[in-house]
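Breakdown of the fold
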Amino acid sequence: MDLDRRRILHSGAAVLGSVALGASLPAGAAAGVREPGGPSGDAHAAGGRSAATANYPPVGAGTAFLDHRSLLGDVPEAEWYEANIPFVDLPDAAIQETYYYRWRVIKHALKYTGPQEGWILSEFLGPVGYSAPHGGIVAAAAHHIREARWLRDHRYLDDYIGYWLRGSGSGPKPATDFLNKNTTDWAHQYSFWIADAVVARASTDGRWQHAVSLLPELERQWKGWAPQFDAEVGLYWQTPVWDAMEYTASSYQSDDPYHGGDGFRPTLNAYQYGDARAIAALLRHRGHRGDDAEADRYDARAHALRVSQERRLWDEEDRFYKHVMRDGNPGLRRIADREQIGFLPWYFHMAPARHAAAWAQLRDPQGFPAPFGPTTVERRSPWFMHEALEGCCRWNGPSWPFSTSQTLTALANLLIDYPAQPHVDRTDYYAVLRSYALTHRKNGAPYVAEAHHPDEDRWIYDSRGHSEDYNHSTFNDLVLSGLLGIRPRPGNTVVIAPLAPLGWDHFAVENLAYHGHNLSVLWDRDGRHYGHGAGLTVWLNGRRIHQQAGLQQVTLDVGGAVQHVLPHEVDDLANVGQEGHPLARASYTFPLDSPAKAIDGQDLHRDTPSSRWTNYGSPNDSDWLAVDFGVPTPVSDLRISFYDDGGGVRTPDSFELHYLGEGGSWHPVPGQRRVPATPRRGALNRILLDRSLTTTALRLTAVRTAGGAVGVSAWQSWRTQDPRLDVAIETPPDGLVPVEPGEAVEVTTTVGAHATTVVSPELLVPEGWEAVPRHTVRPTSVKAGRTLRTRWLVTAPAGLPPRLPQPLRLLVRSRGKGAEHFVTSVVNQAQAG
């Protein structure tokens, strides 16, 4: 993407989680088997009533062969990784170090956008001018889904997929040159293969019901590319820049090297092929009347694309898939150059086995090999590295993680799923993966930016405050599904087909979340490294289910998928847009920091880009950070991530929490239970209240006994919503509740129920406002499929300025099974005209 577009507008910080209350695996655990049934950290108030959900999804029964804390190193909130990621042990230090680093990249990329849409995965650590709402960019979204599908907490991807298919990521955008003049919505701004990614994710976690529920939106997304389908040619066309490839060997051969080169490419056609096949699979899985016939139609469309691609894009002489210019090319002549995108058909199993000779170019010295490669165009091309060192973004030679990810995924498919061929083997997969791992360094430390020099150990598209932890590719998915060969399947099986070097004496992957189970795989050639038998051993939920002498492919039955339902939690402090409420302010702020960045949806523990509040350089003995909700808000589960740079800003020795009471006075927050009891470096501090507190503002004062600066990278206030309810404040199309200063205006709220639920609604308004129900409000049973409508008379202050939005909060209390309590809420803005 164009460097000119990459001005960071602002950075951000907040991630779900805290120090585990009862860790799921002790630090430095020796080899052994974990007993089932241990909690991951439920919190209880006095009297045993559940006051909060667990910090993280429970790991459950599994193995404990590896020293997880040693493998993680010094990372903030190590418990999050313990609960979420598969742990690996590899004899290759470069790949292993990169693996754990790339999980930190994913954690940094997690951005909480607010209660309405929840989590997304960002590409940049701060939004850029061409991003969708909240900073989403669709170009690498399928990479994000592939990589994060291995996380145990399914809420991140549930929200993120929903963002692109149902949320603001699917909403309208201007059709301009800057934002892609060919499309009118964010989910089609760049080429995107979401249905294939959704099926890959469902094959991993086994949650097919969720995937099937997305069918209407997946079909709409697939059909949304119809304007770029040329029926006569039988293929889709795309502009290289909207493949996220600004300057390419293709576009350089047009009148406009940046926006030109419209053509029929292996990219969008392969994506549409893969998505059509995925939609067909989901239709058959759903099995409604007519679904089989509709699935056949999608398969037929995919087949037609494949036939046209073989006819138009495959160059039989050069044995490669190539770009074909759309304009000024009546004979549909292919360009002469082989580009790395020609490997893409194997990513989706679109290429026939007879074309495997294309992969010889991965070895050919004039093809794509490079010490830090592969290259994005073959070396023999006259466009190789043309202007590439003059500035971003040239995809005509530089090593590009986005494309490397696709090539390695395609290569794993070729080696595991296709017939044997003489052109490449497992040594090539390992060699390319290792060279890819070696690019992940800067000044000796793990790092990933946008593009790397293919022949020199340096990033060439990399700028301070912009490129850090650049999340535009996969790596860990390549380790898990390729190198270690964990091949998810839609049924009750898993395929283990490692591409690891045959000379390796050992490797391990432990407690990989698969279909709701924990899968561990150990390779120990002679049984002496791990001490649990020689050969390849597979464990399911802590129980050994298979052992074999060699690394040959094996298919194993893992039983039916187990569904783990996680609570729907929302953070009322988050303000990712840094506009309106919640509003953060402080008694003093270091000029390069901002109070707003403590509540902007991300939790970043790095110096660049800045994403925190600190009082570095303050003349005060102590300073406070306060957040104004703008409207009364329930508080019961607070989480604070303190920033510690190991230098001038350190973890505080203690902190105080106050809430704003009536009359504008501050009072200590009562009934706190803190974990840990005192702040600890790298720990997300959790403060649970014995009883929920409703307030309009909170204030934090953190101090160091000996003096010195403190900082906050994330401050959150979590509550659990009732998944059975849909709540809303009715508004006109502009989304603003109209009010008249000094006059009562009727406002309607609704509570819809998916299951019969007893609810108690309350409309909360800012200080100086009044909300009175037209009729007495009592706990009411709302039957499944019905909606409770409540009308309120809302009076704004007589002096309310016009066009100054103020929040209104609908609060709905309900109970679940046993003593489970929910507080479901929605906020809308009210404004005087």
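Okay, so let's go over this structure. (Residues numbered from 1 in each chain as written. Predicted model: local features only at pLDDT ≥ 70, side-chain atom pairs only at ≥ 80, totals over all residues. Heavy atoms only, no water.)

Quick look at the overall build of the protein now. Scanning the protein from N- to C-terminus turns up 13 helices and 40 strands. Against the compact-globule benchmark of 28 Å for 833 residues, the protein has a radius of gyration of 27 Å, which places it among compact chains. Reported as C-alpha extents along the three principal axes, the dimensions of the protein are approximately 80 × 65 × 60 Å. Restricting to contacts in the protein with at least 6 residues of sequence separation, those with at least 24 account for 70%. When the accessible area of the protein is evaluated, it comes to approximately 30,200 Å², of which 50% is carbon and sulfur surface. With 81 positive and 94 negative side-chain charges, the protein shows a separation of 4 Å between the mean positions of the two kinds. (Helix = DSSP H or I, 4+ residues; strand = E, 2+ residues; numbered from the N terminus. Rg over C-alpha atoms; globule rule 2.2 N^0.38 Å. Contact = heavy atoms within 4.5 Å. Areas by Shrake-Rupley, 256 points an atom, 1.4 Å probe, with all protein chains shown as cover. Lys, Arg positive; Asp, Glu negative; His and termini not counted. Charge placed at Lys NZ, Arg CZ, Asp CG, Glu CD.)

Of all hydrophobic cores here, the largest spans 171 residues; its most connected members are Trp164, Leu433, Leu483 and Leu519. When residues in this core are grouped by element, the largest group, 10 residues, is from helix α9 (residues 266-286). Apart from residues no more than four positions distant in its own chain, Leu519 is found in contact with Ile486, Val494, Ile496, Val509, Glu510, Asn511, Leu512, Tyr514, Val538, Trp539 and Leu540. In this structure, Val627, Phe629, Leu657 and Ala702 belong to the second largest nonpolar core, which totals 25 residues. (Core = buried A, V, L, I, M, F, W, Y, C linked by side-chain atoms within 4.5 Å. Buried < 20%, exposed > 50% of the residue type's maximum accessible area, 1.4 Å probe, protein only.)

Attention now goes to the sheet that holds strand β36 (residues 770-773). In space, the four strands of this open sheet follow the order β32-β34-β38-β36, with antiparallel pairing throughout. Every interior strand has two partners, whereas the edge strands, β32 (725-729) and β36, have only one. Taking the axes of each pair of neighbouring strands and ignoring which way they run, one obtains an average angle of 25° across the sheet. Across nine bridges, the pairing between strand β34 (residues 744-753) and strand β38 (residues 787-795) is antiparallel. Its bridge partner lying in β38, Val751 is registered against Leu788. (Pairing = 2+ DSSP bridges. Axes fitted to C-alpha atoms, helices over the stretch in contact; angles between N-to-C directions.)

The next point concerns the sheet that holds strand β16 (residues 486-488). Taken in spatial order, the three strands of this open sheet run β16-β17-β22, and their pairing is antiparallel. Lying at the two open borders of the sheet, with one neighbouring strand each, are β16 and β22 (554-557). Averaged over all pairs of adjacent strands, the angle between strand axes in this sheet comes to 30°, irrespective of strand direction. As defined by bridge partners, strand β17 (residues 493-496) adjoins β22 across four bridges and the pair is classed as antiparallel. Each bridged residue has a counterpart across the sheet, and for Thr493 the counterpart in β22 is Asp557.

Going through the model one piece at a time under the given rule, you end up with 40 aromatic pairs. Plain terms: the ring middles of Tyr160 and Trp164 are 6.3 Å apart, the flat faces sit at 70° to each other, and that makes the pair edge-to-face. Within this pair, Tyr160 and its partner Trp164 are both found in helix α5 (residues 155-165), separated by four residues, close to a single helical turn. Across the pair, exposure class does not vary: Tyr160 and Trp164 are buried alike. Centroid distance Trp395 to Tyr461: 5.7 Å. Interplanar angle 80°. Geometry classified as edge-to-face. Here Trp395, found in the loop between β11 (324-325) and α11 (401-417), pairs with Tyr461, found in strand β15 (residues 459-461); they are 66 residues apart in sequence, far enough to count as distant. Using a relative accessible area of 0% as the deciding quantity, one classes Trp395 as buried. Feature note: the residues Trp193, Tyr271, Tyr347, Phe348, Trp395, Trp400, Phe402 and Tyr461 constitute an aromatic cluster, connected by ring pairs. We note Arg394 situated over the ring of Tyr247; from NZ or CZ to the ring centre the distance is 4.0 Å. (Phe/Tyr/Trp six-rings, centres within 6.5 Å; stacked < 30°, edge-to-face > 60°. Lys NZ or Arg CZ within 6 Å of the ring centre and 35° of its normal.)

Now for the state of the cysteines. Think of a disulfide as a covalent bridge from one cysteine sulfur atom to another cysteine sulfur atom. Considering all chains together, one arrives at one disulfide under this definition. Between the sulfur atoms of Cys392 and its disulfide partner Cys393 the distance amounts to 1.7 Å. Since a negative S-S torsion denotes a left-handed disulfide, the Cys392-Cys393 link at about 85° is right-handed. Relative accessible area serves as the criterion here: at 0%, Cys393 is assigned to the buried category. (Disulfide = S-S within 2.5 Å.)

Remember that side chains alternate between the two faces of the sheet whenever the strand is regular. Alignment of strand β20 (residues 535-540) against strand β21 (residues 543-548), held across five bridges, turns out to be antiparallel. From the neighbouring strand, Leu536 faces β21, where its bridge partner is Gln548. Counted along the chain from β20 to the antiparallel partner β21, the turn is two residues long, and its residue Asn541 has a positive phi close to 55°.

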